[in-house]
Amino acid sequence: MEYFTAAASGRDGSVAAGPRGSLVIIGNFDGVHRGHQALLADAALDAGRRGLEPVALTFSPHPAITLGRTPPATLTALPRKIELIQRAQPSVRVDVMTFDRAFAAQTPEEFVRRALLDRLAARVVLVGANFRFGRGRAGDFATLGRLGEALGFETRSHPLVGDAEGPWSSTRVREAVARGDLESAERMLSRPHMLSGVVAQGAKRGRTIGFPTCNLDAIEEALPPFGVYATLVDRVTSSGRAIALARGVANLGVRPTVEPSRQARPNLEVHLFDVDEDLYGAALRVHLIARLREERRFSGLPELKAQIARDAEAARARLAPLTPDPTAGGAFR
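Residues numbered from 1 in each chain as written. Predicted model: local features only at pLDDT ≥ 70, side-chain atom pairs only at ≥ 80, totals over all residues. Heavy atoms only, no water.

**Thoughts on the overall build of the protein chain**
Then comes step 1: Per the secondary structure count, the protein chain includes ten helices and 14 strands.
Then comes step 2: Across the 333 residues in the protein chain, those meeting the buried criterion constitute 48%.
Then comes step 3: Within the protein chain, contacts between residues separated by at least 24 positions form 73% of all contacts whose residues are at least 6 apart in sequence.
Then comes step 4: A total of about 15,800 Å² of accessible surface is found on the protein chain, and carbon and sulfur atoms cover 51% of it. (Helix = DSSP H or I, 4+ residues; strand = E, 2+ residues; numbered from the N terminus. Buried < 20%, exposed > 50% of the residue type's maximum accessible area, 1.4 Å probe, protein only. Contact = heavy atoms within 4.5 Å. Areas by Shrake-Rupley, 256 points an atom, 1.4 Å probe, with all protein chains shown as cover.)

**Concerning the side chain of Thr 76**
Then comes step 1: If you trace the backbone, Thr 76 turns up in the loop between α2 (63-66) and α3 (78-88).
Then comes step 2: For Thr 76, a relative accessible area of 5% translates into the label buried.

**A look at the confidence of the model for the protein chain**
Then comes step 1: Confidence in the prediction for the protein chain averages 89 pLDDT; 89% of positions are at 70 or higher.
Then comes step 2: Below pLDDT 50 for its whole length, residues 1-5 participates in 27 contacts with residues either more than four positions away or in separate chains.
Then comes step 3: Overall, residues 7-17 carries pLDDT values under 50, and its contacts beyond four positions in sequence, including any with other chains, amount to 19 contacts. (pLDDT = per-residue confidence, 0-100.)

**Concerning helix α10 (residues 301-319)**
Then comes step 1: End to end, α10 covers 26 Å across 19 residues, agreeing with the expected 27 Å (1.5 Å per residue, within 8%).
Then comes step 2: Looking at the buried residues of α10, the elements they touch are β11 (227-236), β12 (242-253) and β14 (283-293). (Expected span 1.5 Å × (residues − 1).)

**Here's the deal with the sheet that holds strand β13 (residues 267-272)**
Then comes step 1: Ordered in space as β9-β10-β13-β12-β11-β14, the six strands form a closed barrel in which the pairing is antiparallel. Each adjacent strand pair in this sheet contributes to an overall mean axis angle of 45°, direction not counted.
Then comes step 2: Both β11 and β14 contribute to a ladder of nine bridges, which runs antiparallel. When the bridges of β14 are listed, Val 236 appears paired with Ala 283.
Then comes step 3: Sitting on the sheet, α10 is in contact with β11, β12 and β14, with an inclination near 100° to β14. (Pairing = 2+ DSSP bridges. Axes fitted to C-alpha atoms, helices over the stretch in contact; angles between N-to-C directions.)

**Things to note about the layout of surface pockets**
Then comes step 1: Quantified by volume, the largest pocket comes out at close to 1,400 Å³.
Then comes step 2: Lining the largest pocket are 42 residues, with Gly 27, Asn 28, Asn 130, Phe 131 and Arg 132 sitting closest to its centre.
Then comes step 3: Looking at the lining of the largest pocket, the elements with two or more residues in it are α1 (34-50), α2, α4 (101-104), β5 (122-128) and α7 (170-178).
Then comes step 4: Residue composition of the lining of the largest pocket, by class: 21 nonpolar, 15 polar and six charged.
Then comes step 5: One number sums up the size of the second largest pocket: a volume of about 450 Å³.
Then comes step 6: Taken together, 25 residues form the lining of the second largest pocket, with Pro 79, Arg 80, Glu 83, Val 236 and Arg 285 sitting closest to its centre.
Then comes step 7: Elements represented by at least two residues in the lining of the second largest pocket include exactly α3, β9 (194-200) and β14.
Then comes step 8: When grouped by side-chain class, the residues that make up the lining of the second largest pocket number twelve nonpolar, five polar and eight charged. (1 Å grid on protein atoms, 1.4 Å probe; cavity = no way out; pocket = protein on both sides within 12 Å on 5 of 7 lines; lining within 4 Å. Points joined across faces, edges and corners; volume = space filled by probe spheres on them. Nonpolar A, V, L, I, M, F, W, Y, C, P; charged D, E, K, R; others polar.)

Have a look at this one:
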């Protein structure tokens, strides 16, 4: 098993537990949605009252991958997840544990002793009511409570919070993204859903019709339905900091007009407004603000060019009032 932390001090990522002990919040935190944000706020406040260090303990890769199952679609890749947790609550340190076969084989007591006590000096452990842990998911909240009584730490279960449609959850956000309900996803996330990737070489057809695009490769996040989207785009620097780059219009799909006979994998190509620079190899974050239309096949490049011009005009109008988020350190979102 390996560990690393968002506040690592050693070359190997190890961090000694502070002498004051910690309040540990355990979770996957995918999406860092409003439910997670409420949990983190509660933890930070409680830790401050008790004089403990608040620590969010999460795992990578997703447990389903290690166990040979299909994982749910990802809302936030790990670096973004860490960034959003610390943006929500700067006092919270994020500690990431590698979920490998050795980790999965631990008994509930071994997990508690090694990860919570030896690693993090936990004095309080905060989890969701449906928390399961240990080999074969043998441990539950009651198990954790019994171990806490025996080993000297307190356990707490955070109540679910949500809206009229139910508790906020990563599952609800994924379902909203999958059906193209970006407004609902944004309400639950408190920000637009985002796709990220690295700009790769494309066929450069867009340049020939006056709409050069950035083709993003290796997208990890959950995809919405194919279509054309108004977007805000951040660029991630080599240091990992994101800065606002441009507004734009993006096509997500299989490009049926130019590749009608191919069973192509989904492709995201983004036309950036008022940007003229070489971005090959750049890491971009594409925030999906609104779906403008479905993807469809056109009779040829002239008809496609005319439609892209209309899409760009609609996207400019939709995005005009939007500015970088003052809490995002120079990024749009």
